[in-house]
Amino acid sequence: MNKRKLRNLEVSAIGMGCMGFSHGYGELPPEEDSIKMIQYAYEKGCDFFDTAEAYGPFKNEEILGKAVKGFRDKVIIATKFSPYLLAGQEKYADNKLTKAAIKGALEDSLKRLQTDYIDLYYEHRVPLNSNPEEVALWMGEFIKEGKIRAWGQSQSNVEQIRKAHAITPISAIQSEYSMMERMFEKDVIPLCKELNIGFVPFSPLASGFLSGKYSKDTKYYGDDVRRAITRFIPENVEKNQPLLDLLYHVAKTKNATPAQISLAWMLHKYDFLVPIPGMRKYERIDENLGAAGVILSESEFNKIEEELSKITLYGNRTDEDIQKMGHVRAQ
Ligand SMILES: NC(=O)c1ccc[n+]([C@@H]2O[C@H](COP(=O)([O-])OP(=O)(O)OC[C@H]3O[C@@H](n4cnc5c(N)ncnc54)[C@H](OP(=O)(O)O)[C@@H]3O)[C@@H](O)[C@H]2O)c1
């Protein structure tokens, strides 16, 4: 697969979001299957793997660590510390956003990932009442110590990015982005371009919606976040059909699938962007990674943009809605 730059990191053009192996999408595959799927993605050319201490919590990092143990130096591992207290972190109860607490979380992540450095370490959320500069300073220290190679933020705003980047340059912003959620196009993504920061869309397939394989009758169980994402309310699934019609139409002309077209569209749009779809079936790994080979011409891209601008979308994904599920952390 071709490579892309997230500032100082070089990664495959499409990464793998590992969250679903332990968190957020209902029934889990057995651990040995998850490990095999991560290894399969690597064999297929993917070298960028995304996890977080909050996924599981903690379990996801363990799975990824086991999966990449044999080729750790060939892959880019991105993980995240939570600004909020996770189960078992009570010793930081006074404040998770201290240097000691983040250092503790980092050391624990290193152990679970069976490595002595993390390539990309994100602040999973940047609370509005927190000080992004302080965290940036600590990240700079961790970089100097060789514990991390680069750092980033998730779902942060322009002001938080600017403040933090001025202290320790940020390599990547990871935030929600897909054909169904384009709010960051107006400010954060242009800022990333301006500051030479990579952009890593999470939920690039809008939690699978853009694959066209889910209908209004699909049922979601357990911790599946689609129970809380309003795009999946049956009436919104119906109302969002014009977007799938567009994707099916383009997919047919390109001998591709709707999921591939939606990934190819964002890859064409920004050359500093690397999506990380979540996928727990071999055929989906082939399909999604295969999107790197679906190249849109300028006129095909412009036509998609034009058609997209005519489509009204219904529903969204918010941390607040997901938090209402109670047992699932939104981040
Ligand atoms: N920073 C943050 O706050 C944040 C938030 C959410 C996610 N993330 C990260 O971003 C990654 C990606 O997010 P996401 O998992 O929501 O992304 P996504 O790829 O938009 O959605 C994943 C869902 O779509 C399904 N899917 C993927 N490809 C498919 C295909 N070709 N056909 C049919 N269904 C398909 C998956 O099914 P199966 O898995 O069942 O195969 C899964 O249910 C996560 O794994 C995580 O690492 C970060």
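Everything in this summary refers to the structure shown in the same document.

Analysis parameters
- Residues numbered from 1 in each chain as written.
- Predicted model: local features only at pLDDT ≥ 70, side-chain atom pairs only at ≥ 80, totals over all residues.
- Helix = DSSP H or I, 4+ residues; strand = E, 2+ residues; numbered from the N terminus.
- Rg over C-alpha atoms; globule rule 2.2 N^0.38 Å.
- Buried ≥ 20, exposed ≤ 12 C-beta atoms within 10 Å, placed from the backbone.
- Contact = placed C-beta atoms within 7 Å.
- Arc of directions from axis to C-beta.
- Pairing = 2+ DSSP bridges.
- Right-handed = clockwise from strand over helix to strand, strands pointing away.

Here we come to the overall build of the chain. Looking only at helices and strands, one finds 12 helices and 9 strands in the chain. Taken against the 2.2 N^0.38 rule, which gives 20 Å for 331 residues, the C-alpha radius of gyration of the chain at 19 Å falls within 12% of a compact globule. Every one of the 331 residues in the chain was classed for burial, and the buried ones make up 47%. Taking all contacts inside the chain whose residues are at least 6 apart in sequence as the whole, residues at least 24 apart take part in 76%.

So, on to helix 5 (residues 158-167). Every buried residue belonging to helix 5 is among Gln 160, Ile 161, Ala 164 and His 165, and all of these are buried. Mapping the buried residues of helix 5 onto a view down its axis gives an arc of 120°, with all of them on the same face. Looking at the packing, one finds that the buried side of helix 5 touches helix 4 (132-145), strand 7 (148-154), strand 8 (172-176) and helix 6 (188-195).

So, on to the pairing of strand 7. The buried count for strand 7 comes to 6 of 7 residues, which makes it a mostly enclosed element. Relative to strand 7, strand 6 (residues 118-123) is paired through 5 bridges, and the arrangement is parallel. The residue of strand 7 that forms the bridge with Ile 118 is Ile 148. Between strand 6 and its parallel partner strand 7, the chain crosses via helix 4, and the hand of that crossover is right-handed. Where strand 7 and strand 8 come together, 3 bridges link them in parallel fashion. The residue bridging Ser 154 from the neighbouring strand is Gln 174, located in strand 8. Handedness of the crossover joining strand 7 and strand 8 through helix 5: right-handed.

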